[in-house]
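Letter by letter, the chains look like this.
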Amino acid sequence: MQKVTSRDGTPIAVDRVGQGPPIVLVVGAFNDHATGAPLAEVLKSRFTVYNYDRRGRGDSGDATPYAVEREIEDLDAVITEAGGSAFVFGYSSGGVLALEGAAGGLPITRVAVYDVPLKAGGPLWSIDHAAELARLVDAGRRGDAVEYFQAKVVGIPEEVVAQLRHAPFRPALEAMARTLVYEATIAGDGSLPIDLIGSITVPTLAIAGAASVPFMRETADAIARAVANGRSMALEGQTHDLDASVLGPILAGFFQ
């Protein structure tokens, strides 16, 4: 992986594969570039795919204090490395970053998102999840932070959260615990920022998994309505997980 330097000096690790117009992949909570790797493999025959570790995870660095603006700057640094403009695909909370980057004027020529975890007409929560997660992480309770995020933010049933304690990937989740504060900061109270999204001027595709959380389909439709050149689609049988074999051809068609 190569490194690019964000505006605040933080090194951001980027995996580059393929040949063709550039696409930047922005992944979500509990994810690093490995999550986007299967999708990159599908797209690399037609595009140059920049698949990066968001700050605080994988081979990327980190810095304090955290602000969502720093992550937008990270995305901008990757786009600069890609040649100064790029298509952008954002997954889950990465979709929120992609939309905010497009609304903020980053040189994004087209943007696609999958399962944006915000609700049109929200809010989803009245609790300051970011503050509670920061308290747990600062106290060294990384495992508790992981379970708090799974149960209180994602909405995984408590009995499933308990089962996941013994999953082989649990240490990797705990290693990313600090970034859960970032994810909760990005999500805020869970409301979709319609006015901000309405300022996006580039073609926008909002996708939802039809078998995912029901409100995400409504969110995709709301995004499409808010953007002047937007459209939405629901993928039958698809959950919140990324299925590269399904998403790859759709993204390739949109980004052609």
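Described in the following lines is the structure provided in the data block. (Residues numbered from 1 in each chain as written. Predicted model: local features only at pLDDT ≥ 70, side-chain atom pairs only at ≥ 80, totals over all residues. Heavy atoms only, no water.)

1. A short note on helix α10 (residues 214-226)
Here is step 1: With 13 residues, α10 should reach 18 Å at 1.5 Å per residue; the first-to-last C-alpha distance of 19 Å fits that figure.
Here is step 2: Of the surrounding elements, those touching the buried residues of α10 are α3 (93-103), β6 (108-114), α9 (194-197), β7 (204-209) and β8 (230-235). (Helix = DSSP H or I, 4+ residues; strand = E, 2+ residues; numbered from the N terminus. Expected span 1.5 Å × (residues − 1). Contact = heavy atoms within 4.5 Å.)

2. Comments concerning the packing of helix α4 (residues 129-138) against helix α5 (residues 142-154)
Here is step 1: At a minimum axis separation of 9 Å, α4 and α5 run at an interaxial angle of 160°. On the basis of their axis angle, the class for α4 and α5 is roughly antiparallel. The way α4 lies across α5 gives a crossing that is right-handed. Along its contact with α4, which presents H129, E132, L133, L136 and V137, the element α5 presents D144, A145, Y148, F149, K152 and V153.
Here is step 2: Broken down by class, the residue content of the contact of α4 with α5 amounts to seven nonpolar, one polar and three charged. (Axes fitted to C-alpha atoms, helices over the stretch in contact; angles between N-to-C directions. Parallel < 35°, antiparallel > 145°, perpendicular 65-115°, else oblique. Left-handed = near helix turned anticlockwise from the far one by under 90°. Nonpolar A, V, L, I, M, F, W, Y, C, P; charged D, E, K, R; others polar.)

3. Observations concerning the pairing of β7
Here is step 1: With six of six residues buried, β7 is to be regarded as a mostly interior element.
Here is step 2: In β7, alternate side chains face the same way, and those of T204, A206 and A208 on one face and L205, I207 and G209 on the other are all buried.
Here is step 3: Two strands pair when backbone bridges link them, and β6 and β7 are joined in this way by four bridges, in the parallel orientation. Bridging from a neighbouring strand, V111 pairs with T204 of β7. (Buried < 20%, exposed > 50% of the residue type's maximum accessible area, 1.4 Å probe, protein only. Pairing = 2+ DSSP bridges.)

4. Overview of the side chain of S6
Here is step 1: Mapped onto the fold, S6 is located in the loop between β1 (2-5) and β2 (11-18).
Here is step 2: For S6, a relative accessible area of 3% gives the class buried.

5. Here we look at the packing of helix α2 (residues 68-81) against α3
Here is step 1: As a packed pair, α2 and α3 sit with axes 10 Å apart at the nearest point and diverge in direction by 80°. On the basis of their axis angle, the class for α2 and α3 is roughly perpendicular. Every residue of α3 that contacts α2 at V68, E71, I72 and L75 is listed here: L97, A98, E100 and G101.
Here is step 2: Here the contact of α2 with α3 is built from residues that sort into five nonpolar, one polar and two charged.

6. Remarks on the packing of aromatic side chains
Here is step 1: Per the stated rule, a full pass over the model turns up six aromatic pairs.
Here is step 2: Where F30 meets F149, the ring centres are 5.5 Å apart and the plane angle is 90°; that geometry is what we call edge-to-face. Of this pair, F30 sits in the loop between β3 (22-26) and α1 (33-43) while F149 sits in helix α5, and the two are 119 residues apart along the sequence. Per residue, the accessibility class of F30 equals that of F149, and both read buried. (Phe/Tyr/Trp six-rings, centres within 6.5 Å; stacked < 30°, edge-to-face > 60°.)

7. Some details on unusual backbone geometry
Here is step 1: Looking along the chain, the bond that leaves T64 and enters P65 is cis, with omega of -5°.
Here is step 2: Among the structural elements, P65 can be located in the loop between β4 (48-52) and α2.
Here is step 3: The peptide bond linking G122 to P123 adopts the cis configuration, its omega dihedral lying at 10°.
Here is step 4: Structurally, P123 is set in the loop between β6 and α4.

8. Thoughts on the nonpolar core
Here is step 1: Judged by nonpolar contacts, the single largest core of 60 residues is most densely connected at V24, L75 and I223.
Here is step 2: For this core, the element with the highest residue contribution is helix α8 (residues 177-187), accounting for seven residues.
Here is step 3: Filtering out sequence-adjacent residues up to four positions away, L75 remains in contact with V24, V26, Y52, V88, L97, A98, L106 and I108.
Here is step 4: Formed by 22 residues, the second largest nonpolar core is a distinct cluster that contains L25, L39, F89 and L235. (Core = buried A, V, L, I, M, F, W, Y, C linked by side-chain atoms within 4.5 Å.)

9. Re the environment of D53
Here is step 1: Mapped onto the secondary structure, D53 falls in the loop between β4 and α2.
Here is step 2: We classify D53 as buried; its relative accessible area is 0%.
Here is step 3: D53 has contacts with M1, I12, A13, D32, H33, G58, D59 and S60, leaving out every residue within four places of it along the chain.
Here is step 4: Polar contacts involving the side chain of D53 include one to the main-chain amide nitrogen of H33, which spans 2.7 Å. (Polar contact = N/O pair within 3.5 Å; in protein donor to acceptor, adjacent residues only side chain to side chain.)

Just distances and angles here, no functional claims.
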